[in-house]
Amino acid sequence: MAPTTAYDRLAEQKWFEETKAGVKGLADAGITELPRIFHAPPDSLNGAKPSASPADPDFTVPVIDLEFARVLQQDPEKRKQIVAEIRDATETWGFFQIVNHGVPANTIAEMKAGVHRFFDQDVGLKKEFFGRDITQKVVYTSNFDLYTAAAADWRNSIVYRMAPDPPAPELLPACCRGIVMDYSAEMLKLGDLLFGLFSEALGLDPAHLKEMGCSEGLGIASHYYPACPQPDLTLGIARHSDLGFVTVLLQDHVGGLQVFRRDRWVDVPPTPGALVVNVGDMFQLISNDKFKSVEHRALVRSVGPRVSVAAFFGNEGLSTSRIYEPIKELLSEDDPPKYHGITVRDFFFRSFQKGIDSSSIMSRLKR
């Protein structure tokens, strides 16, 4: 059990890490009170007004149907309409949901089942993947920032670096090896489609962003959120923006994802068959602020478990020395570059320095 003497934060952090069981271990032990390392600062829990009515269109996350976008020649006019919808969503929200995206329903269902299989294993089987080195091709942990964050999040994770240099199949957990490979392949195909549409939404050639390497790096992060005994004291993921170019999120029926919009937290409701797409910091940089990277968070529930799977395009495992800066075709005398250039790797690793977050890095890169 956790130390019961006078509170020693570092001792509690070390104790928690040494269990290698993460928050699922605490839930399985039947705890009724959260260890103090999980107590989030009150302003991070209640620092915004509640959202308006879900029926208010100004606080309803856009849903975009990609059915006619998957084949350019099928209906060019319909594709133009979809591009316009994407442009509007990325400029005004930074978030949207997609349906009819081409990822098979059975692949989505099996990926969620695979997340459950991995985290439901005995701790002894999961320990071989345990670590805190974000550059590893496969790493299981609870809170990569355990020792630097203001509070620990109520979440276990396993992250796979699947492109451009994927791990050998035998390095993936046996219980979900096949589906992780299949789902990653589907995400790479979807990424090609999305980056083509994003290119057109910026007024560029459809291949522009792909040729820049924006879809080259793919990380898959599977998250597991057990039922929480005191959900009003902690978060599943604290307020943050994503670091890379684009994130595609699969969430299950439990829900909990919220987007920060106009000083309010807005729910992103689970929609059957849908995937959530959001812009990352690096995309905001190269688009010269035309597309916005928006802060979001995940709540926890007293029921669960909840699982989600995030596909990150532009991950920190990339070793390329390519400098990313505002795309020159988007610039003019009236709209000069707003940022200095940086590599993806440098941007990610600066964000993991103590006391540094992506918003401060973006500020430092401002011209």
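Model, not experiment: these values are computed from the prediction. (Residues numbered from 1 in each chain as written. Predicted model: local features only at pLDDT ≥ 70, side-chain atom pairs only at ≥ 80, totals over all residues. Heavy atoms only, no water.)

Draft legend 1. Spatial organisation of the pattern of salt bridges. Under the counting rule described, the total for this entry stands at 14 salt bridges. For Glu200, the salt bridge identified is with Arg79, shortest N-O distance 2.6 Å. Highlighted residues: Glu200 in helix 7 (residues 177-201) and Arg79 in helix 4 (residues 76-92), separated in sequence by 121 residues. Among the ionic pairs, Asp335 bridges to Lys338, the shortest N-O distance being 2.7 Å. Within this structure, Lys290, Asp335 and Lys338 form a network of salt bridges that share partners. (Salt bridge = Lys/Arg side-chain N within 4 Å of Asp/Glu carboxyl O. Helix = DSSP H or I, 4+ residues; strand = E, 2+ residues; numbered from the N terminus.)

Draft legend 2. Structural context of the packing of helix 10 (residues 344-351) against helix 11 (residues 358-365). Packing of helix 10 against helix 11 leaves a shortest axis separation of 9 Å and a crossing angle of 130°. With respect to each other, helix 10 and helix 11 are oriented oblique. Crossing of helix 10 over helix 11 shows right-handed handedness. Contacts between helix 10 and helix 11 involve Phe347, Arg350 and Ser351 from the former and Ser358, Ile361, Met362 and Leu365 from the latter. Class assignment for the residues of the contact of helix 10 with helix 11 results in four nonpolar, two polar and one charged. (Axes fitted to C-alpha atoms, helices over the stretch in contact; angles between N-to-C directions. Parallel < 35°, antiparallel > 145°, perpendicular 65-115°, else oblique. Left-handed = near helix turned anticlockwise from the far one by under 90°. Contact = heavy atoms within 4.5 Å. Nonpolar A, V, L, I, M, F, W, Y, C, P; charged D, E, K, R; others polar.)

Draft legend 3. Layout of the side chain of Asp289. Following the sequence through the fold, Asp289 ends up in the loop between helix 9 (281-286) and strand 12 (296-298). Among all residues touching Asp289, those that are not within four sequence positions of it are Gln284, Lys338, Tyr339 and Lys366.

Draft legend 4. Representation of the packing of aromatic side chains in the model. One pass over the structure, following the stated rule, counts 17 aromatic pairs. For the pair Phe283 and Phe291, a centre-to-centre distance of 5.4 Å together with 80° between the ring planes defines the contact as edge-to-face. By relative accessible area, Phe283 is classed as buried at 1%. With relative accessibility at 0%, the residue Phe291 sits in the buried group. The ring of Phe260 carries the charged tip of Arg239 above its face, separated from the ring centre by 4.1 Å. (Phe/Tyr/Trp six-rings, centres within 6.5 Å; stacked < 30°, edge-to-face > 60°. Buried < 20%, exposed > 50% of the residue type's maximum accessible area, 1.4 Å probe, protein only. Lys NZ or Arg CZ within 6 Å of the ring centre and 35° of its normal.)

Draft legend 5. Summary view of the environment of Val276. Secondary-structure assignment places Val276 in strand 11 (residues 275-279). What makes Val276 buried here is its relative accessible area of 1%. With 34 residues separating them along the chain, Val276 and Ala310 place their C-alpha atoms 9.2 Å apart. Non-local contacts of Val276, meaning those with residues more than four positions away in its chain, are made with Phe95, Phe96, Gln97, Thr247, Val248, Leu249, Gln251, Leu257 and Val268.

Draft legend 6. Local environment of the nonpolar core. In this structure, Met187, Phe198, Ile220, Val248, Leu275 and Ile286 are the most contacted members of the largest nonpolar core, which totals 72 residues. It is helix 7 that contributes the most residues to this core, eleven residues altogether. Leaving out residues up to four positions away in the same chain, Met187 has contacts with Val103, Leu218, Ile220, Val248, Leu275, Ala311 and Phe313. Phe16, Ala152, Tyr225 and Ala298 belong to the second-largest nonpolar core, a separate cluster that totals 15 residues. (Core = buried A, V, L, I, M, F, W, Y, C linked by side-chain atoms within 4.5 Å.)

Draft legend 7. Structural view of the sheet that holds strand 11. Strands sit in the order 2-3-11-8-13-6-5-4 across an open sheet of eight strands; the sheet is mixed. Since the sheet does not close on itself, it has two edges, and those belong to strand 2 (63-65) and strand 4 (138-141), each with one partner. Strand-to-strand, the axes of this sheet are offset by a mean angle of 25°, without reference to chain direction. Where strand 2 lies against strand 3 (residues 95-99), three bridges are found, and the strand directions are parallel. (Pairing = 2+ DSSP bridges.)

Draft legend 8. Layout of the confidence of the model for the protein. Looking at the protein, pLDDT values average 91 and 90% of them are 70 or higher. Of all the helices and strands in the protein, strand 1 (residues 49-50) carries the lowest mean pLDDT, 56, while helix 5 (residues 105-120) carries the highest, 98. (pLDDT = per-residue confidence, 0-100.)

Draft legend 9. Layout of helix 5. Over its 16 residues, helix 5 runs 23 Å from end to end, which matches the ideal 22 Å to within 8%, given 1.5 Å per residue. Taken together, the buried positions of helix 5 are occupied by Thr107, Ile108, Met111, Gly114, Val115, Phe118 and Phe119. Projected onto a plane normal to the axis of helix 5, the buried residues spread over an arc of 120° and lie on a single side. When the buried face of helix 5 is taken as reference, the exposed residues oriented beyond 90 degrees from it are Ala105 and Asn106. (Expected span 1.5 Å × (residues − 1). Arc of directions from axis to C-beta.)

Draft legend 10. Examining the pairing of strand 9 (residues 257-261) more closely. Burial runs high along strand 9: five of the five residues are buried. Here strand 9 shows two buried faces, one formed by Leu257, Val259 and Arg261 and the other by Gln258 and Phe260. The pairing of strand 9 with strand 12 spans three bridges and is antiparallel. If you follow Leu257 over to strand 12, its bridge partner there is Ala298. Taking the residues between adjacent antiparallel strands as the criterion, strand 9 and strand 10 (residues 264-267) are bridged by two residues, where Arg262 takes a positive phi near 50°.

Draft legend 11. Molecular detail of the pairing of strand 5 (residues 156-163). Buried residues dominate strand 5, accounting for eight of its eight residues. Here strand 4 runs beside strand 5; their pairing, made up of four bridges, is antiparallel. The residue bridging Tyr140 from the neighbouring strand is Ile158, located in strand 5. Examined bridge by bridge, strand 5 and strand 6 (residues 218-225) share seven bridges and lie antiparallel to one another. By the bridge assignment for strand 6, Arg161 is matched with Gly219.

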